[in-house]
Amino acid sequence: MTITCPSCGSLRTRPLHRGRKTGAGIGMAAGSAGGVAGALSGAETGALVSAWAGPVGLALGSLTGAVFGGLVGGTAGGITGARLGNELDARVLDNHECLACRHTFRSTP
Ligand SMILES: [Zn+2]
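We now turn to the structure provided with this report. Worth saying up front: this structure is predicted, and the values here are computed from it rather than measured. (Residues numbered from 1 in each chain as written. Predicted model: local features only at pLDDT ≥ 70, side-chain atom pairs only at ≥ 80, totals over all residues. Heavy atoms only, no water.)

## Side note on the coordination of the zinc ion
Here is step 1: Distances from the zinc ion to its protein donors, namely Cys-5 (SG), Cys-8 (SG), Cys-98 (SG) and Cys-101 (SG), fall within the range 2.3 Å.
Here is step 2: Coordination at the zinc ion is tetrahedral: its four donor atoms span angles of 104 to 114° at the metal.
Here is step 3: Accessibility expressed as a relative area gives 43% for Cys-8, which makes it partly exposed.
Here is step 4: In this structure Cys-101 comes out as partly exposed when scored by relative accessible area, which is 35%. (Donors = N, O, S within 2.8 Å, 3.2 Å for Na, K, Ca; no water. Tetrahedral: all angles 85-135°; square planar, octahedral: opposite > 155°, others 65-115°. Buried < 20%, exposed > 50% of the residue type's maximum accessible area, 1.4 Å probe, protein only.)

## Some points on unusual backbone geometry
One can expect most non-glycine residues to show negative phi and most peptide bonds to be in trans.
Here is step 1: Although it is not a glycine, Arg-102 adopts a positive phi angle of roughly 65°.
Here is step 2: Following the sequence through the fold, Arg-102 ends up in the loop between β2 (96-98) and β3 (104-105).
Here is step 3: Since its relative accessible area comes to 53%, Arg-102 is described here as exposed. (Helix = DSSP H or I, 4+ residues; strand = E, 2+ residues; numbered from the N terminus.)

## Describing the side chain of Ser-10
Here is step 1: By secondary structure assignment, the location of Ser-10 is in the segment before β1 (13-15).
Here is step 2: Residues within four places of Ser-10 in sequence aside, it is in contact with Ile-3, Thr-4, Cys-5, Cys-98 and Ala-100. (Contact = heavy atoms within 4.5 Å.)

## Thoughts on the sheet that holds β2
Here is step 1: One open sheet holds the three strands; their spatial order is β1-β2-β3, and the pairing between them is antiparallel. Edge strands, defined here as strands with exactly one partner in the open sheet, are β1 and β3.
Here is step 2: Direction of pairing for β2 relative to β3: antiparallel, over a ladder of two bridges. Across the sheet, the residue bridging to His-96 is Phe-105, located in β3. (Pairing = 2+ DSSP bridges.)

## Quick word on the pattern of salt bridges
Here is step 1: Under the defined criterion, the tally for this structure stands at two salt bridges.
Here is step 2: Glu-97 serves as the salt-bridge partner of Arg-102, at 3.2 Å between the closest nitrogen and oxygen.
Here is step 3: Within this structure, Arg-14, Glu-97 and Arg-102 form a network of salt bridges that share partners. (Salt bridge = Lys/Arg side-chain N within 4 Å of Asp/Glu carboxyl O.)

## Some points on the environment of Val-72
Here is step 1: Following the sequence through the fold, Val-72 ends up in helix α2 (residues 54-91).
Here is step 2: Linking Val-72 and Gly-31, residues 41 residues apart in sequence, is a C-alpha distance of 8.1 Å.

What follows is the structure, encoded as structure tokens:
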């Protein structure tokens, strides 16, 4: 499908994906924060459970929990944010730019 500029009729347009990029960034940050917070409380629980394994097991368990919590949270948040941003791109924002006249517009089929 070719998208033409509604202002000047040029065929030279490109998608912007502003919402997707912004959403992914915000989601990544929020997800990482949530993941780390969850990992910290998880580390406390893990410390109680693995207390019998001694200080080495306790430290390993806490570290692994924190790292995984941050990674998983950040990735999940980024994906969720990107999906939300895609929705914004498609429904709310001007999601195309004309390369001829710099007009931004929504492409609605
Ligand atoms: Zn144009």
